[in-house]
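So you can see what is in the structure, the chains are spelled out below.
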Amino acid sequence: MTATYIITLKNCAFFARHGVLDEEEFLGQRFFVDAELEVEQGTALAEDCIDDTVHYGIAFAEIERIVTGRRRYLIEALALEVAKTLCARFRQIRRAKVSIRKPNAPVPGVLDYVEVTVEHVAE
C-alpha cells in the first residue's frame, strides 16, 4: 500500500432545496458540507505536482454542482452522490467521507442541525 494524506474541505455552504416536505423544496435552505478525502501520495508531495493530487477548487465545484443540482429527498443520498463523484473524478482518491448538515430540518424541537455522514471507498 502506498502512503496517503488527507485533504479536507470544511463547512462548504450552499443554498438548495433538498428534503421530503414540499415546504423544503419551496423555501429552500442552506446546507453545509464537509469532504474528507484520503489521497494516494503518488508524486504530488515529493515533486510538488498539482497533476498528481486533488485540486480542491475543482473538488469544491463538483460538490457545489451536486448539492445545488437536482432535489434529493434524503441528504444521505446526496452525501453518497458527492462521495462517489469525487472518487470517480479524481483517480488519486482512495476514500471519501462526506458529511452534510441541515440546520433547518423539520423536527418538532430545537436543535443546531441534523448531520449525515457517508463514507465511500474508491473501486
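In the block above lies the structure referred to throughout.
Scope of this entry: the structure provided in the associated data block. The model shown is predicted, which means the values in this text are computed figures rather than measured ones. (Residues numbered from 1 in each chain as written. Predicted model: local features only at pLDDT ≥ 70, side-chain atom pairs only at ≥ 80, totals over all residues. Heavy atoms only, no water.)

1. What about the overall build of the protein?
Piece 1. Check the secondary structure of the protein and you find 4 helices and 4 strands.
Piece 2. Listing each helix as α and each strand as β along the protein from the N terminus yields β-α-β-α-α-α-β-β.
Piece 3. Counting only C-alpha atoms, the protein reaches 50 × 25 × 25 Å along its principal axes.
Piece 4. Across the 123 residues in the protein, those meeting the buried criterion constitute 41%. (Helix = DSSP H or I, 4+ residues; strand = E, 2+ residues; numbered from the N terminus. Buried < 20%, exposed > 50% of the residue type's maximum accessible area, 1.4 Å probe, protein only.)

2. A word on the side chain of histidine 120
Piece 1. Looking at where histidine 120 falls in the secondary structure, it is placed in strand E4 (residues 114-121).
Piece 2. For histidine 120, a relative accessible area of 13% translates into the label buried.
Piece 3. Setting aside residues up to four positions removed in sequence, histidine 120 forms contacts with Ala83, Lys84, Cys87, Arg94, Arg95 and Ala96. (Contact = heavy atoms within 4.5 Å.)

3. Describing a nonpolar patch on the surface
Piece 1. A cluster of nonpolar side chains, contributed by Val20, Leu21, Tyr73 and Leu74, occupies part of the molecular surface with about 400 Å² of accessible area.
Piece 2. Here tyrosine 73 lies in the loop between helix H3 (56-67) and helix H4 (75-89). (Patch = residues over 30% accessible without salt bridge, like charges linked within 9 Å, V, L, I, M, F, W, Y side chains within 5 Å. Areas by Shrake-Rupley, 256 points an atom, 1.4 Å probe, with all protein chains shown as cover. Salt bridge = Lys/Arg side-chain N within 4 Å of Asp/Glu carboxyl O.)

4. Things to note about the state of the cysteines
Piece 1. Taken as a whole, this structure holds 0 disulfides when the rule is applied.
Piece 2. We note that cysteine 12 lacks a disulfide partner, and the nearest cysteine sulfur, in cysteine 87, lies 16 Å from it. (Disulfide = S-S within 2.5 Å.)

5. What to know about H3
Piece 1. The terminal C-alpha atoms of H3 lie 16 Å apart, and with 12 residues this matches the ideal 16 Å at 1.5 Å per residue to within 8%.
Piece 2. Among all positions of H3, only Ala59, Glu62, Ile63, Ile66 and Val67 are buried. Each buried residue of H3 sits inside an arc of 125 degrees when the element is viewed along its axis, so together they form one side.
Piece 3. If you follow the buried residues of H3, they end up packed against strand E1 (4-16), strand E2 (29-40) and H4. (Expected span 1.5 Å × (residues − 1). Arc of directions from axis to C-beta.)

6. Re the nonpolar core
Piece 1. Counting residues in each nonpolar core, the largest one holds 31 residues, and the members touching the most others are Leu37, Ile63, Val67, Leu86 and Ile93.
Piece 2. Breaking this core down by element, the ones donating at least two residues are E1, E2, H3, H4, strand E3 (93-102) and E4.
Piece 3. Among the elements that make up this core, the one with the highest residue count is H4 (7 residues).
Piece 4. Once you skip the residues sitting within four places of it in the chain, valine 67 turns out to touch Phe14, Ala16, His18, Phe31, Val33, Leu78 and Val82. (Core = buried A, V, L, I, M, F, W, Y, C linked by side-chain atoms within 4.5 Å.)

7. Considering the packing of aromatic side chains
Piece 1. All chains considered together, the criterion is met by 1 aromatic pair.
Piece 2. On the numbers, 5.2 Å between centres and 45 degrees between planes, the contact of phenylalanine 14 with phenylalanine 60 is tilted. Here phenylalanine 14 is found in strand E1, whereas its partner phenylalanine 60 is found in helix H3, with 46 residues between them in sequence.
Piece 3. We classify phenylalanine 14 as buried; its relative accessible area is 3%.
Piece 4. Note that arginine 89 overlies the ring of phenylalanine 90, its terminal NZ or CZ placed 5.0 Å from the centroid.
Piece 5. Above the plane of the ring of tyrosine 113 lies arginine 101, whose end atom (NZ or CZ) is 5.8 Å from the centre. (Phe/Tyr/Trp six-rings, centres within 6.5 Å; stacked < 30°, edge-to-face > 60°. Lys NZ or Arg CZ within 6 Å of the ring centre and 35° of its normal.)

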